Amino acid sequence: MISVIIGGQWGDEGKGKLVDILAQDADLCCRCQGGNNAGHTIVVNGTSFDFHMLPSGLVNPKCANLVGNGVVVHVPGFFQELEKTVYKGVDPAGRLFVSDRAHMVFDFHQVVDGLRESELASVRPDLALGTTKKGIGPTYSSKAARSGVRIHHLIGDFAEFEEKFRACLDAEWRRYGKFEYDVDAELNRYKEYAVKIRPYVVDGVKYIHESFAAGKRILVEGSQATMLDIDFGTYPYVTSSSTSVGGVCTGLGVPPRLVSKVYGVVKAYTTRVGAGPFPTEQLNSIGDHLTDVGREYGVTTGRRRRCGWLDLVVVRYSNMINGYDSINLTKLDVLDQLPDIKIGVGYKYNGEVLSTFPADLSLLSKVEVVYETLPGWNTDISNCTSWDELPVNAQKYIKFIEENVGVKVEWIGVGPGRDSTIHRK
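Residues numbered from 1 in each chain as written. Predicted model: local features only at pLDDT ≥ 70, side-chain atom pairs only at ≥ 80, totals over all residues. Heavy atoms only, no water.

A. Up close: the overall build of the protein chain. Helix and strand content of the protein chain: 13 helices and 20 strands. In summary, the protein chain has a C-alpha radius of gyration of 22 Å against a globular reference of 22 Å for 425 residues, a match within 12%. Its C-alpha atoms give the protein chain principal-axis dimensions of about 65 × 50 × 40 Å. Looking at the 425 residues of the protein chain, the share that counts as buried comes to 57%. Of all intrachain contacts in the protein chain linking residues separated by at least 6 positions in sequence, the fraction that spans at least 24 positions is 76%. When the accessible area of the protein chain is evaluated, it comes to approximately 17,700 Å², of which 50% is carbon and sulfur surface. A gap of 2 Å separates the mean positions of the 47 positive and 51 negative side-chain charges of the protein chain. (Helix = DSSP H or I, 4+ residues; strand = E, 2+ residues; numbered from the N terminus. Rg over C-alpha atoms; globule rule 2.2 N^0.38 Å. Buried < 20%, exposed > 50% of the residue type's maximum accessible area, 1.4 Å probe, protein only. Contact = heavy atoms within 4.5 Å. Areas by Shrake-Rupley, 256 points an atom, 1.4 Å probe, with all protein chains shown as cover. Lys, Arg positive; Asp, Glu negative; His and termini not counted. Charge placed at Lys NZ, Arg CZ, Asp CG, Glu CD.)

If you want it as structure tokens, here you go:
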């Protein structure tokens, strides 16, 4: 059985906490796309873990973890994150693996990431994408251009690795000029990493299929979210990978029929980081309240997130793409103090209601959001442990979402801890 957790908005929905909960019963937790531009925070027994590249299932001592072929791996970052996790008491021995087909992020990719942003901004400031500058986009570009370097190259013939490394760097130099980069020092460093990472490397496709055949319960942890998908998101203000459910198949090498359940994680309001359209954004006291109460600052970058009302046009669209079996509604407690709560239920353009989320960002920037206003509950819900304990107006808010999206809300987040989640069975 393979269960998948997908972000239903622009990321930062709180996917890591659901992964942590479900990983308690999982035998294998996988990442299938993205890199260390992701940021999943979970709190276990008062200890906060920030995962960027490693699967969140590491906190479960009985769960194995796989970084799939669709992930781009910054090897130094991999070991830095692993060291921090071990320091907090996690033992990854024999439980952490990396696909030999995963592509590698080098420091020069990160340099190029910054150069690309500067280049776009010099044309017009609003063209800058607001990337994390972790080198993710340039690495996927190298992959698509068939000049990338994979993990199996690193642990194989080092002379061949060096040849591919230099060719990949030369391609960037030809495009961006010969920026300063100590090639020899980098290669010497990777000779050490080749030895260090070898015990973690497996044939990812073989590993996951053997796990499935053995009846193992497999959990896939999506990174970023559907509205940042390279195909279905607000392009070009997106990430560089397939963040929707299709990325599970390509990023792990599994057929669609093996996916048995898809959980959509949706924040009770909406946030996004970086540039790009955001129809329900609130540049006012409401936005400030959501930012401050929700502690909306990026795990990876520390950047302040943009905040706004829940947008059900976005959630319905992401459900069309992913086919959610149920929804995990997170951070409902952030709305506790608001007397009235708005929900975006539709978009109008030139007086006409749009039938779905538009691909044209020029059109999207001109839409009028159709809102429904629901009464708040003005009650602290952080200690609620069941559906019946929630205030009536909080229940109405959740039922409104279910009726408009057509998917049951199975999990409800009322606080940051693992135990601060209500499960509606």
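B. How the structure looks around the sheet that holds strand β11 (residues 259–267). Read across the sheet, 10 strands follow the order β9-β7-β5-β2-β10-β1-β11-β15-β19-β20 without closing on themselves; strand pairing throughout is mixed. Where the open sheet ends on each side, the last strands, each with one partner, are β9 (201–202) and β20 (421–423). With 3 bridges joining them, strand β15 (residues 326–330) and strand β19 (residues 409–413) adopt parallel strand pairing. In the sheet register, Ile 327 faces β19, and the bridge partner there is Val 409. (Pairing = 2+ DSSP bridges.)

C. Representation of the side chain of His 153. By secondary structure assignment, the location of His 153 is in helix α5 (residues 151–155). Those residues in contact with His 153, other than ones at most four positions away along the chain, are Glu 160, Phe 161 and Lys 164.

D. Seen up close, the pairing of strand β5 (residues 64–67). Residues Ala 64 and Leu 66 of β5 are buried on one face, and the alternating residues Asn 65 and Val 67, pointing to the opposite face, are buried as well. As judged from the 4 bridges shared by strand β2 (residues 28–31) and β5, these two strands associate in the parallel manner. Along β5, the bridge assignment pairs Cys 30 with Leu 66.

E. Quick peek at unusual backbone geometry. For the peptide bond that leads from Tyr 235 to Pro 236, omega is 10°, which places it in the cis range. Mapped onto the elements, Pro 236 comes out in the loop between β10 (218–221) and α9 (246–252). A positive phi angle, near 65°, is found at Asp 12, a position not held by glycine. With phi around 55°, Lys 331 is a residue other than glycine that occupies positive phi space. Residue position: Lys 331 is located in the loop between β15 and β16 (340–349).

F. Focus on the pairing of strand β1 (residues 2–7). Most of β1 is tucked away: 6 of the 6 residues are buried. Side chains Ile 2, Val 4 and Ile 6 of β1 all project onto a buried face; the interleaved residues Ser 3, Ile 5 and Gly 7 project onto the opposite face, where all are buried too. In the sheet, β1 pairs with β11 via 6 bridges, with the strands oriented parallel. Note on β11: the bridge partner recorded for Ile 5 is Tyr 263. Direction of pairing for β1 relative to β10: parallel, over a ladder of 4 bridges. The residue bridging Ile 5 from the neighbouring strand is Glu 221, located in β10.

G. Region of the structure containing the side chain of Glu 172. Mapped onto the elements, Glu 172 comes out in helix α6 (residues 158–176). In contact with Glu 172, other than residues within four places in its own chain, are Phe 108, His 109, Val 112, Pro 138, Ser 142, Gly 177 and Phe 179.

H. Inspection of the packing of α6 against helix α7 (residues 183–197) at higher detail. As a packed pair, α6 and α7 sit with axes 11 Å apart at the nearest point and diverge in direction by 140°. Our classification of the angle between α6 and α7 gives oblique. In terms of crossing hand, the pair formed by α6 and α7 is right-handed. Here Phe 158, Phe 161, Glu 162, Phe 165, Arg 166, Leu 169 and Trp 173 of α6 come into contact with α7, specifically with Val 183, Asp 184, Glu 186, Leu 187, Tyr 190 and Lys 191. When grouped by side-chain class, the residues that make up the contact of α6 with α7 number 8 nonpolar, no polar and 5 charged. (Axes fitted to C-alpha atoms, helices over the stretch in contact; angles between N-to-C directions. Parallel < 35°, antiparallel > 145°, perpendicular 65-115°, else oblique. Left-handed = near helix turned anticlockwise from the far one by under 90°. Nonpolar A, V, L, I, M, F, W, Y, C, P; charged D, E, K, R; others polar.)

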